[in-house]
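Below are the chains, spelled out letter by letter.
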Amino acid sequence: QVQLVESGGGLVQTGGSLRLSCAASGPTSNRPAMGWFRQAPGKEREFVTIAWINGRTYYSDSVKGRFTVSRDNAKNTLYLQMNSLKPEDTAVYYCAVHYTGSFADPAAYIYWGQGTLVTVSS
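Residues numbered from 1 in each chain as written. Predicted model: local features only at pLDDT ≥ 70, side-chain atom pairs only at ≥ 80, totals over all residues. Heavy atoms only, no water.

### Focus on the overall build of the protein chain
Then step 1. Helices and strands together make up the secondary structure of the protein chain, namely 0 helices and 11 strands.
Then step 2. When the helices and strands of the protein chain are placed in sequence order, the string is β-β-β-β-β-β-β-β-β-β-β.
Then step 3. Relative to the compact-globule value of 14 Å for 122 residues, the protein chain shows a C-alpha radius of gyration of 13 Å, a close match.
Then step 4. Across the 122 residues of the protein chain, 41% fall into the buried class.
Then step 5. Put simply, 55% of the contacts in the protein chain that link residues at least 6 apart link residues at least 24 apart.
Then step 6. Of the accessible surface of the protein chain, which amounts to about 6400 Å², a share of 48% is contributed by carbon and sulfur atoms.
Then step 7. The averaged location of the 8 negative side-chain charges in the protein chain is 6 Å from the averaged location of its 11 positive side-chain charges. (Helix = DSSP H or I, 4+ residues; strand = E, 2+ residues; numbered from the N terminus. Rg over C-alpha atoms; globule rule 2.2 N^0.38 Å. Buried < 20%, exposed > 50% of the residue type's maximum accessible area, 1.4 Å probe, protein only. Contact = heavy atoms within 4.5 Å. Areas by Shrake-Rupley, 256 points an atom, 1.4 Å probe, with all protein chains shown as cover. Lys, Arg positive; Asp, Glu negative; His and termini not counted. Charge placed at Lys NZ, Arg CZ, Asp CG, Glu CD.)

### Let's talk about the environment of Tyr79
Then step 1. Of note, Tyr79 is situated in strand β8 (residues 77-82).
Then step 2. The exposure class of Tyr79 is buried, given its relative accessible area of 16%.
Then step 3. Excluding residues that lie within four positions of it along the chain, Tyr79 makes contacts with Arg19, Leu20, Ser21, Trp36, Thr68, Val69, Ser70 and Asp72.

### Digging into the pattern of salt bridges
Then step 1. Applying the stated rule across the entire model yields 4 salt bridges.
Then step 2. A salt bridge links Arg38 to Asp89, with the nearest nitrogen and oxygen atoms 2.9 Å apart. A residue pair is termed long-range when its members are at least 10 positions apart, and Arg38 in strand β4 (residues 33-39) and Asp89 in the loop between β8 and β9 (91-98) qualify at 51 residues. The exposure classification of Arg38 matches that of Asp89, with both residues buried.
Then step 3. Residues participating in the shared-partner salt-bridge network are Arg38, Glu46, Arg66 and Asp89. (Salt bridge = Lys/Arg side-chain N within 4 Å of Asp/Glu carboxyl O.)

All quantities given are derived from atomic positions and should not be read as evidence of function.
Written as structure tokens, this is what we have:
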């Protein structure tokens, strides 16, 4: 089985930056794309971004221009560089492995990490 472990969350002030990491272990044949989701208190899980193995990426409108996703296939690690952070970015961030279906739909992902908490204060 694939295991995902997120790290890098923490407390940051508005306008600050944070870099999240997602370390993957296990088989890689079913990891053509990996994504980031987030879930704020009382909110639905929200698509953030996805990165395909060929380098293609896609971002939600709420983070486009501020966040950058990348992956190091040799290290089996997915990254999320978050800049110009806002209080509304506060959430638990999850990485996940896409399998089939719409990449913005959480149901299309087969493996999930436990999440890492990002708190943006004003």
